[in-house]
Amino acid sequence: MKKIIVFLYMVVAFGYVSAQQLARKRPNIIYMMSDDHGYQAISAYGYGLNKTPNIDQLAEKGMLFTRAFVTNSICGPSRAVLLTGKHSHINGFKDNHSRFNGDQPTVAKYLQAAGYQTALVGKWHLESDPQGFDYWNIVPGQGSYHNPDFIEMGVRKRVPGYVTNITTDFAISWLNTRDQNKPFFLVYQQKAPHRNWMPEEKYYHLFDSTAFPVPSTFFDKYQTRSRAAKEQEMEIAADMNDAYDLKLAFDLTKEERVGLANMWQGIYDRFTPDEKKKWEAAYGPMIEAFKKANLSGEELAVWKYQRYMKDYLRCVQSVDDNVGRLMAYLKENNLEDNTIVIYTSDQGFFLGEHGWFDKRWMYEESFRTPLIVKWPGVTNKKETTSMMVQNLDFAETILEMAGLPVPADMQGKSFVPLLKGKQKSDLHNALYYHFYENIEHKVAKHIGVRTSRYKIIYFYENKEWEMYDLLKDKHEMKNIFHDPAYSSIRKMMQQKLLQKKEQYNDPVVVEL
Ligand code: SGN
Ligand code: CA
């Protein structure tokens, strides 16, 4: 049945494509998606934390989205939404413990069937083998930063070096060997800057003397918020592991090797003895200084925040370098003018806001994701848009970029008109969200809706509600769900939630 769907689609599409083809050469498309790269850590977004000149360069001739969101802020689900253009309850991949049914139609399959060469490199995280790609070379599960394993078309081997560079090496060698007579679709998915934030050797000392500004919400006590916000386990102060997250240890004793500390040892053992020496030389003085300082309370929390930010942003630096490498390759090979480049992340990330690391929430930092689209001949100058789009729209957009029709069962909308400057009103009046994984970090399951001004969240396990006026409270510190001044807005937002839930056929039960 699923094969028939792709076939029927092609019957319709081919007539369309050949007409289009006469008019122009079909563009190549590179979809770059990093793992856990918050928009705060891209300098084009203006947060002043770090410098990402290569990603910023995409924005110089592209469109930067300040309101791009995901449907379910976690890795596997986000990737499945990108591939299918369908919400998690429809594509079947609801949380990181799911297995993707690779037999269903995907954007990669549609492009492949229309004559695109397709490849996937880097993080995958969908458990089943990739389908719809002529070439794939992926890291198993979360992958490793140093001397990682890769699975190339089903064959697993260990590759010496640093994962972010290796992923690019594989992308470039595929580009070199591809059939040059066909357009290509390259899905380039970095593992970085995912936890546990292990930088590349050349950046061991980057930010050594930088003190990052502590977010205004860092000491949030979650007053007025639901139980969910208070019960999570993702606080920098309380939930980071000394060895694994904060890098306060080297080789551990047998007794120390438990839980996350044991994971640290596994990661540390991927280093060669010489690499361990270099790591110890770089991180040793930090550990000594920490021991001497004997910090506690708020000082210790801020110290952990600084420690976290340094390693996280060091990993981002290598991501940015490698975007530069790929862009240089395009230029050197005369591909720049006919290649669309999309840069995004599988979701946003907390960089200390509300005292947190990780994602999962429908709160802005993790619900929002960075998005920059550079389309030569279409987005010729730097432009910023605040119109709302969602990763549910990505597959549809990519198909339209390739001159292909959007299948009727995809649930998002192409934002090609927005990229072309033809979209004058918001593509969506509200965005729908559903998070399912109340396991690690203990974030209660929730659904919600966001309009350009308001957001309502329903934690359906606890039957608790939150609502925010984002115009007056952009940091989402004051839950106004029970505020009588907002009672008509509350009713309107609850109705919108029900309406979106119906529209997308989500069977979750809402008790008003
Ligand atoms: C791992 C991390 C979590 C993280 C999930 C999901 N724990 O399980 O901190 O939230 O990945 O991340 S770790 O101890 O294994 O590092 S995701 O990006 O893959 O969704
Ligand atoms: Ca992720």
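Before going into details, it helps to say that this report is about the structure given with it. Computed from a predicted structure; not experimentally measured.

Topic: unusual backbone geometry
- With omega at -5°, the peptide bond leading from Ala192 into Pro193 counts as cis.
- Turning to its location among the elements, Pro193 is positioned in the loop between β8 (184-189) and α7 (227-231).
- That bond from Arg195 to Asn196 is cis: its omega, 15°, falls within 30 degrees of zero.
- Within the element layout of this structure, Asn196 appears in the loop between β8 and α7.
- Even without being a glycine, Asn334 presents a positive backbone phi close to 55°.
- With respect to the helices and strands, Asn334 occurs in the loop between α11 (297-332) and β9 (339-345).

Some points on the side chain of Glu437
- Structurally, Glu437 can be placed in the loop between β13 (431-435) and β14 (446-450).
- When its relative accessible area of 2% is taken as the criterion, Glu437 is described as buried.
- Among the polar contacts listed, one links the side chain of Glu437 to the side chain of Arg360, at a separation of 3.1 Å.
- Ignoring sequence-local partners within four residues, the contact set of Glu437 consists of Ile74, Asp95, Asn96, His97, Arg360 and Val443.

Considerations on the nonpolar core
- Counting residues in hydrophobic clusters, the biggest one holds 76 residues, and the most contacted among them are Met32, Leu186, Tyr308 and Tyr312.
- Broken down by element, this core gets its largest block of residues, 15 residues, from α11.
- Each of two domains, domain 1 (2-187 + 321-423) and domain 2 (205-307), supplies a minimum of three residues to this core.
- For Tyr308, the residues in contact, after removing those within four places along its chain, are Trp197, Ile236, Met240, Phe349, Phe350, Leu351, Gly352, Trp356 and Phe357.
- Residues Phe100, Phe185, Val416 and Leu418 belong to the second largest nonpolar core, which totals 46 residues.

Analysis parameters
Residues numbered from 1 in each chain as written. Chains lettered and ligands numbered in written order. Predicted model: local features only at pLDDT ≥ 70, side-chain atom pairs only at ≥ 80, totals over all residues. Heavy atoms only, no water. Helix = DSSP H or I, 4+ residues; strand = E, 2+ residues; numbered from the N terminus. Buried < 20%, exposed > 50% of the residue type's maximum accessible area, 1.4 Å probe, protein only. Polar contact = N/O pair within 3.5 Å; in protein donor to acceptor, adjacent residues only side chain to side chain. Contact = heavy atoms within 4.5 Å. Core = buried A, V, L, I, M, F, W, Y, C linked by side-chain atoms within 4.5 Å. Domains from an automatic or database assignment.

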